[in-house]
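# A look at the structure
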Amino acid sequence: MTPIRSVGRVALRLVRGIGAVAIFAAKGLGGLRPFPARALMIQLIQIGWLSLPVVGLTALFTGAALALQIHSGGERFQAGDVVPAIVAIGMVRELGPVLGGLMVAARVASSIAAEIGTMRVTEQIDALVTLSTDPVRWLVTPRLWAAILSLPVLVAVGDIIGIMGGWMVGTGSLGFNSVTYIANSWAYLEFWDVASGLIKGAVFGLIVATSGCWFGMHSSRGAAGVGRATTGAVVAAAVGILAANFALTGLFFK
Amino acid sequence: MITIHDLYKSFGTKQVLSGVDLQVEQGESLCVIGQSGTGKSVLLKCILGLTTPDRGRITWQGQPLDRKAFMAGFGMLFQGAALFDSMSVWQNVAFRLRQRMSDAKARNIALDKLARVGLDAGVADLMPAELSGGMAKRVGLARAIADDPSVIFFDEPTTGLDPIRARAINTLIRSIVTETGAMAITITHDMESVRAIGDRVALLQNGRIIHDGPVAEMDHATALADFLGGGVAK
């Protein structure tokens, strides 16, 4: 009986944890009245604009490497010509959103958790409560919405840069004609390929910001507590993105 | 008047508060003392609604505490000042005011309050990271009184300050409490603060109030003598 009880206890704790995080995220999403325009703008810059370089560079190198891999693998069965189409489809459906999400998770989830965690341990969050201000509405809502709005834009930019990376390698070292490469990239792309990637981006944005805010708000005392919150936020966001990617891919393309 | 009746709070198996009873009148300054870990801060957090008690009742003016209304009428000085480090000094002081008036008006009031705690307008645009510990406490105090509260809470107001700055903060708190007629509840283990700030002193030991009496008579209280001597009161 004891092992079964233990498994049950772990399962209950897991479900309770997921439920608590879901309620936390729902409260955060629902705090838009009054509309936090200034805070949202600041977070859009922090989460979206400042993530552009890292997401762009990641996409550039990924698109370039993908072109080399597909060309090298495709040559084995005389399919080297499919490089433009596969790079485009691979980037917009999968690599753009996933790698973009992971890079933002590394940069943003950690920074949100560290910032809010420091506020927690220095009693700034308690101070907000004593000043009649809801910390969730003040701190969580702008970050959640900024991440949800930023990620699809970052994914779109990353997709374009990734395809450009493939084009650079394709035309520079694989012998593709520039016009043909671009034409083939677009020819096989469908609306849903792009839309699914952007939807994934929005979901990953929610996961990244929720992880950062949750771990920050529940940070324990001291520098070690903030450190643990930061690590936990990045790990949870990364695992969450990969799990959600699998679920969404199944949902969109099965 | 705040009345705390039979308050219990535990964390896991650790019982922190075990039936706390206290009453504080308007205009009165109460100091709650006790050794580290006796639950002084937990008691304060229960009153502020930052922690939910397991059992017991807290009333304000004879009615069950309406947090929203109560929060609007009180100020709080945190142990580490708890200034928002993304905001300048005046924005910290005027945090609550800016929610209902223009920035220009709120800034003027903030400058008045900063002057009241002995800081000139030159610090208004500094960031909290640029302040010394004593200055941060003063800014925290200015924020606590910015909205002319009827109740002010002080959590370890002199912790981390040198004796001269601690004395200055104690004097400042006493004068503000006297001047405003606000009810003051101070959590401290600094007896200098108790003598300077308090009208009444309550000793929290093992989760219960074991002494509650006027500061003027505290030198004759056996329980306090044991506490001050470093022993555990019976």
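Scope of this entry: the structure provided in the associated data block. Quantities reported herein were computed from a predicted structural model and do not represent experimental measurements.

### Here's the deal with the overall build of chain A
Helix and strand content of chain A: 9 helices and 0 strands. The order of α-helices and β-strands along chain A, N terminus first, is α-α-α-α-α-α-α-α-α. Taking the principal axes of the C-alpha coordinates as reference, chain A spans close to 65 × 55 × 30 Å. The contacts of chain A with a sequence gap of at least 6 include a subset with a gap of at least 24, amounting to 87%.

### Digging into helix 4 (residues 103-116) of chain B
Residue and element names in this part refer to chain B. Compared with an ideal rise of 1.5 Å per residue, which puts 14 residues at 20 Å, helix 4 spans 20 Å between its outermost C-alpha atoms and is within 8% of the ideal. Listed as buried for helix 4 are A106, R107, A110, L111, K113 and L114. Down the axis of helix 4, the smallest arc covering the buried residues is 165 degrees, so these residues share one side. For helix 4, the exposed residues set more than 90 degrees away from the buried face come down to A104, D112 and A115. In this structure, the buried residues of helix 4 make contact with helix 3 (89-93) and helix 5 (133-145).

### Some words on the sheet that holds strand 8 (residues 183-187) of chain B
All names here are of chain B. An order of 6-7-8-3-9-10 is seen for the 6 strands of this open sheet, with the pairing classed as mixed. Each having just a single partner strand, strand 6 (74-77) and strand 10 (208-214) make up the two edges of the open sheet. Here the average twist between neighbouring strands, direction ignored, is 15 degrees. As paired elements, strand 3 (residues 29-33) and strand 8 share 4 bridges and run parallel to each other. Counted as the bridge partner of V32 is I187 from strand 8. Each of strand 3, strand 6, strand 7 (151-155), strand 8 and strand 9 (200-205) is contacted by helix 1 (residues 40-48), which is oriented at about 150 degrees to strand 7, the strand it contacts most.

### Some points on the sheet that holds strand 2 (residues 14-24) of chain B
Residue and element names in this part refer to chain B. One open sheet holds the 4 strands; their spatial order is 2-1-4-5, and the pairing between them is antiparallel. Each edge of the open sheet carries a strand with a single partner, namely strand 2 and strand 5 (63-64). Two strands pair when backbone bridges link them, and strand 4 (residues 55-60) and strand 5 are joined in this way by 2 bridges, in the antiparallel orientation. The partner of T59 across the bridge, within strand 5, is P64.

### Structural notes on the interface of chain A and chain B
Residue-level contacts link 9 residues of chain A with 11 residues of chain B. A class-by-class count of the residues in the side of chain A that touches chain B yields 3 nonpolar, 4 polar and 2 charged.

### Considerations on the packing of helix 8 (residues 191-217) of chain A against helix 9 (residues 222-253) of chain A
All names here are of chain A. At a minimum axis distance of 8 Å, the contact between helix 8 and helix 9 shows a crossing angle of 155 degrees. Classified by the angle their axes make, helix 8 and helix 9 are roughly antiparallel. Along this stretch, helix 8 crosses helix 9, giving a crossing that reads as right-handed. Here helix 8 contributes S196, K200, V203, F204, I207, V208, S211, G212, F215 and G216 to the contact with helix 9, which in turn contributes A229, G232, A233, A236, A237, G240, I241, A244, N245, L248 and F252. Here the contact of helix 8 with helix 9 is built from residues that sort into 13 nonpolar, 7 polar and 1 charged.

Criteria and cut-off values
Residues numbered from 1 in each chain as written. Chains lettered and ligands numbered in written order. Predicted model: local features only at pLDDT ≥ 70, side-chain atom pairs only at ≥ 80, totals over all residues. Helix = DSSP H or I, 4+ residues; strand = E, 2+ residues; numbered from the N terminus. Contact = placed C-beta atoms within 7 Å. Expected span 1.5 Å × (residues − 1). Buried ≥ 20, exposed ≤ 12 C-beta atoms within 10 Å, placed from the backbone. Arc of directions from axis to C-beta. Pairing = 2+ DSSP bridges. Axes fitted to C-alpha atoms, helices over the stretch in contact; angles between N-to-C directions. Nonpolar A, V, L, I, M, F, W, Y, C, P; charged D, E, K, R; others polar. Parallel < 35°, antiparallel > 145°, perpendicular 65-115°, else oblique. Left-handed = near helix turned anticlockwise from the far one by under 90°.

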